[in-house]
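Single-letter residue listing:
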Amino acid sequence: HFRGRKASASARPRLDFPLEERLARSVVEGSKEGLIDDLELALADARWPQPLDIINGPLMKGMAEVGRLFNANELIVAEVLQSAEVMKAAVSYLEPHMEKKEGSLRGKVVLATVKGDVHDIGKNLVDIILTNNGFEVVNLGIKVPSEQLIQAVREHKPNVLGLSGLLVKSAQQMVATAADLKAVGIDVDLLVGGAALSRRFTHRKIAAAYGGLCTYAKDAMTGLKLVESLTNPEARKQLQGEVEKLIAEDRAGEDGAGVETPLQQRAPSAVRRDLAPPRPPDLDRHVLAPSLDEVWALINPQMLYGKHLGLRGSVKKLQAEGDERYRKLERVLDEVKEQARSSFALRVVWRFFPTRSIDERVTVFGDNGQGELGGWLFPRQATGDRLCLADFVLPQDHVALFVTTAGDQARQLSVRWKEQGDYLKSHALASLALETAEAAAEWLHRKLRADWGFPDPPELSDQEIFSARYHGRRYSFGYPACPDLAGQRLLFELLQPADIGVVLTEGDMMDPEASVSAIVVHHPEARYFGA
């Protein structure tokens with residue numbers, strides 16, 4: 001367990017608490033200690049004539065307290081998952097004693113990652129939390145087209161529909177999906193979430209394309225709160241009024257937005273173009289299976305412990321202070337890493353290419369610098385520094401292209417653990433896979449800098465590497481400097497990463513999810529920006 005308050009509570013033996021409180025506390029504390037014995041006692045207790053009464057009574061009371069504590073910043077994601085594990089274990093034990101499951105649920109939710117998108121770690125978190133708070137969840141998985149979604153809504157008749165997607169293109173796909181649903185008369189309450197979304201985009205674009213109530217869930221616990229409101233008639237009426245106000249706020253001034261300056265009329269930036277380009281070591285295609293330990297040493301702990309597992313504050317500081325939650329999460333990750341050694345298929349592929357850059361276009365050539373292989377037209381900022389990714393590629397230059405992946409077996413193991421109710425390990429493994437692919441990108445980029453003739457100084461710390469305080473940059477399609485995911489097609493055509501197990505979906509996203517691709521430039525003025 002991670003609960004800091006458990007130590008003080010343990011001064012009083014758990015059997016001193018009434019049975020109802022013990023059951024709720026088991027959920028809140030994420031502890032299975034004595035759970036089965038208590039459930040046996042509860043089954044024989046006249047206060048709960050049916051097993052369902054135990055679930056809807058003390059166990060759900062515990063989950064409600066978990067939600068309250070999380071919203072009060074007293075619990076982290078990892079602890080919520082442990083509570084869900086206890087709830088799953090309790091329900092699994094009680095199910096054989098139940099005559100039927102029908103009518104036992106608070107409502108039904110259909111979840112899907114939209115067409116072309118392979119990212120499901122956030123959606124699976126929502127699935128776990130809703131399922132263990134008494135909702136029936138139909139999880140349609142990843143890359144779900146509108147037709148499949150329409151069929152699922154007609155078949156399952158859910159109270160709420162939840163759509164997820166990670167990148168900018170997925171946000172646009174949600175607009176199209178919402179319009180497809182409206183076209184066939186579907187107006188089920190719609191919740192959307194994902195890294196590229198915002199409340200304003202949801203209300204201005206997705207809700208405008210949809211026929212029913214549509215709003216934004218910033219995380220899994222917000223999603224639970226919204227679903228609870230939408231499945232309660234009184235609360236839904238109040239929420240609908242709140243959403244309508246927010247939509248009006250978010251759409252205010254929409255028509256007064258300035259007209260964007262056409263690309264050809266935008267002034268160039270002040271980035272230097274008269275530098276001598278360094279020569280790459282070769283123009284060969286390279287495939288490698290790096291050491292997991294070397295790559296794991298470059299995992300950004302703030303991303304793994306903070307973003308994915310919910311540890312609040314500076315992870316580096318918590319580590320230095322020997323924070324109890326940090327140490328316990330570290331033990332979970334150490335256990336998961338042992339399993340990952342046999343399930344991760346860590347691979348990287350890269351190659352340097354001759355390039356020419358004119359205005360906003362970068363053209364890629366073959367080995368002799370003659371045969372044109374293709375190119376990209378990158379967007380330029382309309383204001384400010386007027387930057388464009390092409391500015392960081394010299395008129396006659398080279399760029400490196402790469403793809404890294406942790407493979408797909410980790411996802412399969414993560415799904416298996418989720419089905420078994422090992423929610424924390426499942427989420428930790430999926431998170432570790434994503435961050436392993438990111439760390440492999442960091443490892444390979446560092447190698448490329450050295451191979452290119454400008455190795456990092458020995459004193460450069462890991463923290464400085466995570467902050468990109470090195471020479472040059474790497475840019476990934478779908479992110480602000482090069483938001484058009486279609487640029488992936490040329491990168492994949494040039495690198496052929498299918499032989500390390502990475503392919504593109506019809507939406508130009510990488511499958512498996514735990515993969516990273518990038519264009520690497522050497523320009524000393526290169527930096528990250530939004531075009």
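Just above sits the structure.
Residues numbered from 1 in each chain as written. Predicted model: local features only at pLDDT ≥ 70, side-chain atom pairs only at ≥ 80, totals over all residues. Heavy atoms only, no water.

1. Remarks on the environment of Asn56
And then number 1: Counting through the fold element by element, Asn56 comes out in helix H4 (residues 51–71).
And then number 2: For Asn56, a relative accessible area of 45% gives the class partly exposed.
And then number 3: Placed 78 residues apart in sequence, Asn56 and Gly134 show a C-alpha to C-alpha distance of 8.0 Å. (Helix = DSSP H or I, 4+ residues; strand = E, 2+ residues; numbered from the N terminus. Buried < 20%, exposed > 50% of the residue type's maximum accessible area, 1.4 Å probe, protein only.)

2. Brief notes about the nonpolar core
What tends to happen in soluble globular proteins is that the nonpolar side chains get buried as a cluster.
And then number 1: Of all hydrophobic cores here, the largest spans 130 residues; its most connected members are Leu59, Leu149, Ile206, Phe344 and Phe402.
And then number 2: The biggest single contributor to this core is helix H17 (residues 423–451), with 14 residues.
And then number 3: In this structure Ile206 touches Ala171, Met174, Val175, Ala178, Leu190, Val192, Leu197, Phe201 and Cys214, once residues within four positions along its chain are discounted.
And then number 4: By size, the runner-up hydrophobic cluster in this structure holds 35 residues, among which are Leu167, Phe353, Phe378 and Leu490. (Core = buried A, V, L, I, M, F, W, Y, C linked by side-chain atoms within 4.5 Å. Contact = heavy atoms within 4.5 Å.)

3. Structural notes on the side chain of Ser164
And then number 1: Here Ser164 shows up in strand E3 (residues 160–164).
And then number 2: According to the relative accessible area criterion, Ser164 is buried, its value standing at 16%.

4. A short note on the pattern of salt bridges
And then number 1: Enumeration over the complete set of coordinates arrives at 29 salt bridges.
And then number 2: One salt bridge in this structure joins Glu249 and Arg199, with 3.9 Å as the shortest N-O distance. With Glu249 in helix H11 (residues 233–251) and Arg199 in helix H9 (residues 199–209), this residue pair connects regions lying 50 residues apart in the sequence.
And then number 3: Here Asp456 and Arg449 are joined by a salt bridge, their closest N and O atoms 2.7 Å apart.
And then number 4: Salt bridges sharing partners connect three or more residues here, namely Arg14, Arg22 and Asp38. (Salt bridge = Lys/Arg side-chain N within 4 Å of Asp/Glu carboxyl O.)

5. Quick notes on the environment of Pro480
And then number 1: Tracing the sequence through the fold places Pro480 in the loop between strand E11 (473–475) and helix H19 (488–495).
And then number 2: The exposure class assigned to Pro480 is partly exposed, which follows from its relative accessible area of 48%.
And then number 3: Counting along the chain gives 50 residues from Pro480 to Gly530, while the straight-line C-alpha distance between them is 4.4 Å.

6. Focus: the packing of helix H7 (residues 146–156) against helix H8 (residues 168–183)
And then number 1: In contact at an axis separation of 10 Å, H7 and H8 are set at 45° when each is read in the N-to-C sense. Classed by the angle they form, the pair H7 and H8 counts as oblique. H8 is crossed by H7, and the crossing has right-handed handedness. Taken together, the residues of H8 that come into contact with H7 (itself represented by Ser146, Leu149 and Ile150) are Thr177, Asp180 and Leu181.
And then number 2: Here the contact of H7 with H8 is built from residues that sort into three nonpolar, two polar and one charged. (Axes fitted to C-alpha atoms, helices over the stretch in contact; angles between N-to-C directions. Parallel < 35°, antiparallel > 145°, perpendicular 65-115°, else oblique. Left-handed = near helix turned anticlockwise from the far one by under 90°. Nonpolar A, V, L, I, M, F, W, Y, C, P; charged D, E, K, R; others polar.)

7. Re the side chain of Asp117
And then number 1: Turning to its location among the elements, Asp117 is positioned in the loop between strand E1 (107–113) and helix H6 (121–131).
And then number 2: Polar side-chain contacts of Asp117 include one of 2.4 Å to the side chain of Ser170.
And then number 3: Residues in contact with Asp117, not counting those within four places in the same chain, are Ile142, Lys143, Gly165, Leu166, Leu167, Ser170 and Met509. (Polar contact = N/O pair within 3.5 Å; in protein donor to acceptor, adjacent residues only side chain to side chain.)

8. Quick look at helix H5 (residues 77–94)
And then number 1: In a regular helix each residue adds 1.5 Å, so 18 residues correspond to 26 Å; H5 covers 26 Å between its end C-alpha atoms and thus fits that length.
And then number 2: Counting buried residues along H5, 13 of its 18 residues qualify, which places the element largely inside the surrounding structure. (Expected span 1.5 Å × (residues − 1).)

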